[in-house]
Amino acid sequence: MAHAINTPSPAVEPLLKVEDLKLRFGGVIALDGPSFDIRPGEVCGLIGPNGAGKTTTFNCISRLYQPDSGQITLDGVDLLSVRTDQISEYGVARTFQNLGLFGSMTVIENVLAGAYHRTKAGLWASALGLPSTRKEERREIGRARELLADLGLSDVADQLAAGLPYGTLKRVELARALMAEPRLLMLDEPANGLIHEEVMELATTVRQLSKDRGFAVLLVEHHMAMVMAVSDSVVVLNFGRLIAEGTPDEVKNNATVIQAYLGGAA
């Protein structure tokens, strides 16, 4: 795929701002002040050696962890004041390293679960099958089928998730996250378990959807070919600190980054 990068104009205000995050686990410094921004429609790769603080940063933004200090804002909203169960209401959706799909449900039922926080019908309205509920349900099913078509999953929409190929299930999980209509989509090692062709196909899909729908992407990934192909900007952590930030070309040629990954002798 093409590696050309269309970096958003600097005049565009950041959607996500991460500022001076610090977090300790006992005597271990997990985060030591990283700061970075992501703008609407931008894909930001978050990379670093094992133990660099990538997942910890990711979990702070998605509200699984509470940092000791620092700020995280999304379009001016203080995310650190938002409860974990409310984070999707503010436009944040994420996937996980390990699939969290329901094998006993169909693909489209799994995808519809991603719209739960946006639906207005309550438990009793749903149980009674009120007209407003049925209209909302039809609308969401239509949206789910459109998403499945965009991701090449129409032919498995009504199949049970259990037993489908792993690469297919990764795309189902992406569809479920997109049903939340995120402004920030957080992808936690989406290439894990995929073969190279599937990885690059997923990279192309994520890049195109981000452009078409205008949401930002924060990508934590060890597959460097995917990161470099899909990202507008790359943030590099090591031992909880920010050691480099820039375009993929700038980062992959950065001596500090090379040393962090390969060691001083290299």
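Residues numbered from 1 in each chain as written. Predicted model: local features only at pLDDT ≥ 70, side-chain atom pairs only at ≥ 80, totals over all residues. Heavy atoms only, no water.

Describing the sheet that holds strand E8 (residues 184-188)
Here comes step 1: Taken together, the six strands give an open sheet; going across it, the order is E7-E8-E9-E4-E10-E11, and neighbouring strands pair in mixed fashion. With partners counted over all chains shown, the strands left at the sheet margins are strand E7 (92-94) and strand E11 (241-246), one partner each. Strand after strand, the sheet turns through a mean of 20° between neighbouring axes, direction not considered.
Here comes step 2: Lying over the sheet, helix H9 (residues 255-262) contacts strand E4 (43-47), strand E10 (233-238) and E11, oriented at roughly 130° with respect to E11. (Pairing = 2+ DSSP bridges. Helix = DSSP H or I, 4+ residues; strand = E, 2+ residues; numbered from the N terminus. Axes fitted to C-alpha atoms, helices over the stretch in contact; angles between N-to-C directions. Contact = heavy atoms within 4.5 Å.)

Quick look at the environment of Leu 237
Here comes step 1: Take Leu 237: it is sitting in strand E10.
Here comes step 2: With a relative accessible area of 0%, Leu 237 lands in the buried category.
Here comes step 3: Residues Leu 237 and Leu 31, 206 residues apart in the sequence, show an inter-C-alpha distance of 9.2 Å.
Here comes step 4: Setting aside its immediate chain neighbours within four residues, Leu 237 contacts Pro 34, Leu 46, Ile 47, Gly 48, Pro 49, Ala 52, Gly 53, Lys 54, Thr 57, Leu 242 and Ile 243. (Buried < 20%, exposed > 50% of the residue type's maximum accessible area, 1.4 Å probe, protein only.)

Some points on the environment of Met 200
Here comes step 1: With respect to the helices and strands, Met 200 occurs in helix H6 (residues 196-213).
Here comes step 2: Take Met 200: its relative accessible area is 17%, and that puts it in the buried class.
Here comes step 3: Sequence-wise, Met 200 and Val 227 are 27 residues apart; in three dimensions their C-alpha atoms are separated by 9.8 Å.

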